[in-house]
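# Coordinates in review
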Amino acid sequence: MAPDTKHLEVTLDTHVESVNLAEEMCLRVAEAVGFNEDECYRIGMSVREGVINAFHYGNQEKPEKKIHLAIELTQDKMVIHVMDEGKGFQLTDVPDPLAEENLLSTSGRGIFLMRAFMDEFNVVPGRTGGAEIIMSKRFPLPGPASTNGNNRNSGSDAAPHQEA
Amino acid sequence: MPALFLTSRDDGPITLVDLSGRIALGEGSALLRKTIRDLLEGGRLKIVLNLGDVNYIDSSGIGELVSGFTAVRNRGGELKLLNLTRKVHDLLQITKLFTVFDVYSDEHTAVHSFK
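Calculation notes
- Residues numbered from 1 in each chain as written.
- Chains lettered and ligands numbered in written order.
- Predicted model: local features only at pLDDT ≥ 70, side-chain atom pairs only at ≥ 80, totals over all residues.
- Helix = DSSP H or I, 4+ residues; strand = E, 2+ residues; numbered from the N terminus.
- Buried ≥ 20, exposed ≤ 12 C-beta atoms within 10 Å, placed from the backbone.
- Contact = placed C-beta atoms within 7 Å.
- Nonpolar A, V, L, I, M, F, W, Y, C, P; charged D, E, K, R; others polar.
- Pairing = 2+ DSSP bridges.
- Axes fitted to C-alpha atoms, helices over the stretch in contact; angles between N-to-C directions.
- pLDDT = per-residue confidence, 0-100.
- Expected span 1.5 Å × (residues − 1).
- Arc of directions from axis to C-beta.

### Comments concerning the overall build of chain A
Within chain A one finds 3 helices and 5 strands. Mapped in sequence order, the helices and strands of chain A form the string β-α-α-β-β-α-β-β. Each of the 164 residues in chain A was classed as buried or not, and the buried ones make up 35%. Of the contacts formed within chain A by residues at least 6 apart in sequence, a portion of 69% connects residues at least 24 apart.

Below, the structure is given as structure tokens:
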């Protein structure tokens, strides 16, 4: 990790309330570093889908398993990691929700939404034994009309602490 | 984050369901499922979901809309959508569901679209 990377990590219970908690946490960070409303929506939705994936498919809703959420703020982007304690999966095994035969499926759109809403998206074997979703969103370019006071460089109290 | 609020009103054989809030896992999905199931059990087969005040739907909520659409169709009825917010419109568009649902932007047209 680069020395100027800020890092925040929490362990969540495998519980439906963790989905909202993770979304709210990431939204606060995203707002604090200057993402606009639309980008915050996309980041929040992606985190939500990542944690739903960990809760439902990864940990199979087993309460003894945990969901690990990490946020990194590098110089140019916000990186989000969602790790479960399941068996892992390959992206190539995930059905395409846009395929004609899957359009009326009642599930299976989470990965698609994360891919659509984030700049980078990948799934790798996680250190916790399951899958690790890694997704990122580049910071908005600083504009002259930024007047909302929540620019990434304005020193918000809500920014995560520097990792030791 | 507000939960989902929902009220129903009848216009002849058509039931309009006004929704506001979020249709998401652990919030509105279960309520929407129960509402559609109750309507079907009550013989209401022509349903319009007014999503004008729904500004957030996640994949679970999308799944619930699709589930409701299929359940109503399987009973020989029709489920249509009314007044999509921009975010919901965009979500249905990127998931290609905009081509599946019958979507309207005014209530009069939606109500009179039933056979």
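### Topic: the interface of chain B and chain A
A common measure of how large an interface is: the accessible area buried when the components associate. Each side of the interface is counted separately: chain B has 17 residues, and chain A has 19 residues. Breaking the side of chain B that touches chain A down by element, the ones donating at least two residues are helix H2 (59–74) and helix H3 (86–94) of chain B. Split into classes, the residues belonging to the side of chain B that touches chain A amount to 7 nonpolar, 7 polar and 3 charged.

### Observations concerning the pairing of strand S1 (residues 5–11) of chain B
Both faces of the sheet carry side chains from a regular strand, because those side chains alternate between them. All names here are of chain B. Where S1 lies against strand S2 (residues 14–23), 7 bridges are found, and the strand directions are antiparallel. The partner of Phe 5 across the bridge, within S2, is Ser 20. Taking the residues between adjacent antiparallel strands as the criterion, S1 and S2 are bridged by 2 residues, where Gly 12 takes a positive phi near 65°.

### Let's talk about the environment of Gly 12 of chain B
Turning to its location among the elements, Gly 12 of chain B is positioned in the loop between S1 and S2. Linking Gly 12 of chain B and Val 111 of chain B, residues 99 residues apart in sequence, is a C-alpha distance of 9.6 Å.

### Side note on unusual backbone geometry
If you check the backbone angles, Gln 60 of chain A has positive phi at about 50° while not being a glycine. As for its position among the elements, Gln 60 of chain A is in the loop between helix H2 (37–58) and strand S2 (66–73). Overall, the presence of 13 C-beta atoms within 10 Å leaves Gln 60 of chain A in the partly exposed class. Within the chain, Asn 83 of chain B stands out as a residue other than glycine whose phi angle is a positive 55°.

### Description of the sheet that holds strand S5 (residues 131–138) of chain A
Residues and elements named next belong to chain A. In space, the 5 strands of this open sheet follow the order S1-S2-S3-S5-S4, with antiparallel pairing throughout. In this open sheet, the two edge strands, each paired with only one partner strand, are strand S1 (6–13) and strand S4 (120–125). Averaged over all pairs of adjacent strands, the angle between their axes in this sheet comes to 15°, without regard to strand direction. Bridging between strand S3 (residues 77–83) and S5 involves 7 bridges; their strand directions are antiparallel. Along S5, the bridge assignment pairs Val 82 with Ile 133.

### A short note on the sheet that holds S1 of chain B
Strands pair in a sheet through their backbones, by hydrogen bonds, and they do so in one of two ways: parallel or antiparallel. Residues and elements named next belong to chain B. Sheet architecture is open: 5 strands sit in the order S1-S2-S3-S4-S5, paired in mixed fashion. The strands lining the two open edges of the sheet, one partner per strand, are S1 and strand S5 (102–104). Across the sheet, the mean angle from the axis of one strand to that of its neighbour is 25°, orientation sign disregarded. Summarising the sheet, S2 and strand S3 (residues 46–57) pair through 9 bridges and their orientation is parallel. Counted as the bridge partner of Val 17 is Leu 49 from S3. Across the sheet, H2 lies against S2, S3 and strand S4 (78–82), angled at about 140° from S4, the strand it touches most.

### A closer look at the confidence of the model for chain B
Detailed reading of the predicted coordinates is not advisable wherever pLDDT is low. All names here are of chain B. Within chain B, residue pLDDT values average 95, and 98% of them lie at 70 or more. Of all the helices and strands in chain B, helix H1 (residues 29–41) carries the lowest mean pLDDT, 95, while S4 carries the highest, 98. ipTM for the predicted complex: 0.91, alongside a pTM of 0.88.

### A look at helix H1 (residues 17–32) of chain A
All names here are of chain A. Its 16 residues place the ends of H1 23 Å apart at the C-alpha level, agreeing with the 22 Å of an ideal helix rising 1.5 Å per residue. By the burial criterion, the buried members of H1 are Ser 18, Val 19, Ala 22, Glu 23, Cys 26, Val 29 and Ala 30. End-on, the buried residues of H1 take up no more than an arc of 130°, which puts them together on one face. Tucked into the core, H1 has its buried residues touching S1, H2, S2 and S3. In the segment just after H1, Gly 34 is the residue with positive phi, at about 105°.

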